Structure formats: C-alpha cells, structure tokens
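Examination of the molecular architecture
Spelled out, the chains give:
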Amino acid sequence: MRGVDSTRDSTCASFFECTMTEPIAIVLAAGKGTRMKSDLPKVLARVCGRALIEHVLDALGAAGVRRTIAVVGYRADDVRAAVSHVVGVEFALQTEQRGTGHAVMMCRDAIKDFRGPVIVVTGDSPMLQVDSLRQLLDEFNESGSACMMGTLIHQNPAGLGRIVRDKSGEFSGIVEEKEASSEQRLIHEVNMSTYVFDCQRLIECLDRLTNNNRQSEYYITDVPGIMLSRGWDVRARAVLKPCEALSVNTVEDLGLVEQELKRRQVGGCAS
C-alpha cells in the first residue's frame, strides 16, 4: 500500500475532520485504455476541451463531495498534474492494474477511519449526472443500507453486466454477460459501475475479495454479493439516465460523448 498525497483546503485544521459527515469519493483512474489508440491515460482524453476525469470530478463536487481519492497508475504523474488544481483531490497509487477491487484496496489506508458513504465511480464516465448521485446518496442515507448501486435500463445491454433480482424484485446479484444464461441476457437493467458504500462495511468486504477468475483480478462488482452473503442490505436503483450509458472506451465514443455534452450545455462547449 502506497501513501496518499493530497491537495487540501487549508482553511480546515483537519481536512478529514471537516468532511466526516459528508460523502467521500473514489475515482478509478489507473488504466491505460488500450483501445483509445493513444499513449495518453484514458481519463486524460479530452471532450469539450477538458479531460474525462475533470467532468467526473465536477459532478462529484456538485453533488456535495469535498474529498475525492483518485486511484492512479499508468502515467500517474500526468494524471496528478491534470487534476491537482481541484480542491480536495488526493491520489492513491495502483502500481499493478489487478482489477477494480484491487484499485479500491489501494485506498484502504486513506479511508480506514471514515464512517459514512463512499461513492465509487470510474474516471472515464464524463456523463455522470449530479441528480443521479444526489438521488443515490439520499436513499443511501435514508435506508441505512450497506450498498446502493446506481443502475440503468439499457435498450441495448450487450456487453454489460446484468442486474439480477429475486422474486420480490430485490437485488440478488450482478452477472457478467459472458457468464449469463440465455434468460439473463434478456435483462435490460445493467450495472454502470456507480456505487455508494458504507465505508466500514466496504473495508471489511475488501478483505474477502478473491481473484479466482480467468483474469486473476479483484473486482469491485463482487462486493455487493459479499455484502448480501453477510445479511446486509444491498439495493440497486435504476436512477441513472440514458446519457450515463455513454462511457468512453474507444475514439469513436469520444465523439458521441462530445455531441451529447454540446447538446446539454447551453451555448455549446469549448472545442
């Protein structure tokens, strides 16, 4: 585990103490993005004149997050430099990319004493919406659940993890498409890697993650199932908007996201 460096608000005697009652966020930003046809870290690809991760940080800040930990890895110094101007951003280093769960493990020391909600999102999702985050946080706080997942009803769910529910309609698991049955592939509710976790329960479940899969990686998608197995309340709410399906994996995706951002922003956006 590496240490965490930070850019913090000097008006607080202790930045951590100032945010004890507020949510904190973890942004997964360590990957290269091999399909982007560029040596640049994927989260630094630009839409509307700004890096993808900047759009994500904007949404988190507007939703009330004052402390964010960006997990960096590939060309970490470049990612740090790109967002170091954002107040409240810290960095955890993932020297080996061993999965999304492993990335969150790199934040363990930084969040070990926090008691409150932890938002986990990816840094390549510039269409993340403030209203969606606020709705998830509100229900998380009201319900006292261990995990609140933001899901999406997708007309074309191909390639995405499906949300499986029990007979009463409650969340019972995430099934990746390659492991889904023919019946499960007909499900249109999908996982979009948008989570709110109870911090202390998240930490406990990180210790239970395994890498017994074909990629030998640790996945954050396994955490809700671990929580369910412990009898904790896990909920999935289809509050994400259609535009939030526009994450970036290819150069072509950048163009689609830019078009949508321009459509949504009055007067367009910088080129």
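Here, every reference points to the structure presented above.
Attention in this report is confined to the structure presented alongside it. Treat the numbers as computed from the prediction; the structure is a model and nothing was measured.

Criteria and thresholds
Residues numbered from 1 in each chain as written. Predicted model: local features only at pLDDT ≥ 70, side-chain atom pairs only at ≥ 80, totals over all residues. Heavy atoms only, no water. Buried < 20%, exposed > 50% of the residue type's maximum accessible area, 1.4 Å probe, protein only. Helix = DSSP H or I, 4+ residues; strand = E, 2+ residues; numbered from the N terminus. Arc of directions from axis to C-beta. Contact = heavy atoms within 4.5 Å. Salt bridge = Lys/Arg side-chain N within 4 Å of Asp/Glu carboxyl O.

**So, helix α7 (residues 199-206)**
Among all positions in α7, only Cys199, Leu202, Ile203, Cys205 and Leu206 are buried. The buried residues of α7 all sit within an arc of 165° when viewed along its axis, so they share a single face. In this structure, the buried side of α7 is in contact with α4 (100-105), α5 (108-111), β7 (117-122), β11 (189-198) and α8 (223-229).

**Details of the pattern of salt bridges**
Overall, the coordinates contain 16 salt bridges when judged by the stated rule. When the shortest N-O distance is used, the salt bridge between Arg162 and Glu177 registers 3.2 Å. With a gap of 15 residues between them, Arg162 in strand β9 (residues 162-165) and Glu177 in the loop between β10 (171-175) and β11 connect regions that are remote in the sequence. Looking at Glu177, the relative accessible area reads 21%, which means it is partly exposed. A salt bridge links Arg165 to Glu189, with the shortest nitrogen-to-oxygen separation between them at 2.8 Å. Placement of Arg165 in strand β9 and of Glu189 in strand β11 is noted, with a sequence separation of 24 residues between them. Overlapping salt bridges, with partners in common, bring together Glu139, Asp233, Arg235 and Arg237 in one network.

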